[in-house]
Amino acid sequence: MPEIIALALGGLALVAGLYLWPPRRRGLRVAPSPPLDFDTAIRAAEAIIAAETADPAVRPESRSRLLSHGSRTGRVVLLLHGYTLAPEQYDGLAEEFFDRGYNVWIPRAPRHGTVDERAHHRVEADELTTYAARALAVAAGLGDEVGIVGISGGAVLAAWLAQVPGDVVRHLLLLSPFFGPDPRQAPAFAVRPLITLYGRRLLPDRVTSRGYSLSAVTQYLTIARSLPNPPRRTGLRTAAVAVSPLDGVVDLARAVTVPRRIADANAIPLRVCTLPEALGVGHNILDLAALGTEGSELRRRYVALYEDDPAPTPGLTPAARVDE
């Protein structure tokens, strides 16, 4: 997103005023949903899938997905996909969790996975947090111990869910979390003006070379900026983050420091997995099909990070390195 730099610099005259304009803090206003029993959670998930099946605007391969063992399980995981993508992003990882006995819920984010490739440009922070809260309510009805995996923008929502009242989330794995843009694409001083100008849609939307709408991207940044500071202690038991040094989208420093503060608030360690550059994996660290066996091993490594399993995955080296 090099063009963001030009956009930011073009608005330098507005920076001083924009810094005096208090940002909206919308991301934590959704009240916790009441707990659901298993049958009610299944009906809710199936109703969402049925509605998407009946909606010609939703691509068949991008519908929400439920992997259920047919009864409430001891463990359940909620998988939140990234911006511009859809539930199929989790195909391989979802199966890994399911095979280990988890019930798995992968909901489609608002305005994503549709035949209108520009629909996600119109997404709003409030509908993203509402979607996330409802998704967690369904997941909590599917099993006893609830955890979340989120990637990119979905990782922002996962962190938000781990901090909202209710203290439901016990495990948190963030993949390439988008708590801020790569400084090479948008300097730190420009982020708040960008959030104000594009997040509030004061300027006409601009679309980057990656197909990212600035109006949409700044909705995720609005949520990221609304996380409690200092973070809340919520009963989180494990926390981990995985990143690639080849990621040109996210601020890699904030990708680690934000979850580390959440982990510290819960008196738990943060496990950090850094993918080797030799893998050639960029921002979407779930896009592993080209890696063959190493890709399968890396997905198992992600599950091990989520479960805080210190045992190395057999044959994984050099597919991943864990720095703690």
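Residues numbered from 1 in each chain as written. Predicted model: local features only at pLDDT ≥ 70, side-chain atom pairs only at ≥ 80, totals over all residues. Heavy atoms only, no water.

(A) Broad picture of helix 10 (residues 293–307). Taking 1.5 Å of rise per residue, 15 residues should cover 21 Å, and helix 10 covers 21 Å from first to last C-alpha, within 8% of that figure. Positioned one or two residues after helix 10, Asp308 has a phi angle of 60°, which is positive. (Helix = DSSP H or I, 4+ residues; strand = E, 2+ residues; numbered from the N terminus. Expected span 1.5 Å × (residues − 1).)

(B) Here's a closer look at the nonpolar core. Among the nonpolar cores identified, the biggest contains 61 residues, and Leu78 and Ile148 are the most heavily contacted of them. For this core, the element with the highest residue contribution is helix 5 (residues 125–142), accounting for 10 residues. Aside from chain neighbours lying at most four places away, what touches Ile148 is Leu78, Leu80, Leu136, Ala158, Leu161, Val169, His171, Leu172, Leu173 and Tyr306. With 28 residues, the next largest nonpolar core counts Leu79, Val149, Ile151 and Ala240 among its residues. (Core = buried A, V, L, I, M, F, W, Y, C linked by side-chain atoms within 4.5 Å. Buried < 20%, exposed > 50% of the residue type's maximum accessible area, 1.4 Å probe, protein only. Contact = heavy atoms within 4.5 Å.)

(C) Representation of the pairing of strand 4 (residues 143–151) in the model. Counting buried residues in strand 4 gives 7 out of 9 residues, a clear majority hidden from the surface. Pairing geometry for strand 2 (residues 73–80) and strand 4, over 7 bridges, is parallel. From the neighbouring strand, Leu80 faces strand 4, where its bridge partner is Gly150. The pairing of strand 4 with strand 5 (residues 169–175) spans 6 bridges and is classified as parallel. Considered in strand 5, the bridge of Ile151 is made with Leu175. Handedness of the strand 4-helix 6 (residues 153–161)-strand 5 crossover: right-handed. (Pairing = 2+ DSSP bridges. Right-handed = clockwise from strand over helix to strand, strands pointing away.)

(D) Here's a closer look at helix 5. With 18 residues, helix 5 should cover 26 Å at 1.5 Å per step; its first-to-last C-alpha distance of 26 Å lies within 8% of that length. Here helix 5 lies mainly inside the structure; 13 of its 18 residues are buried.

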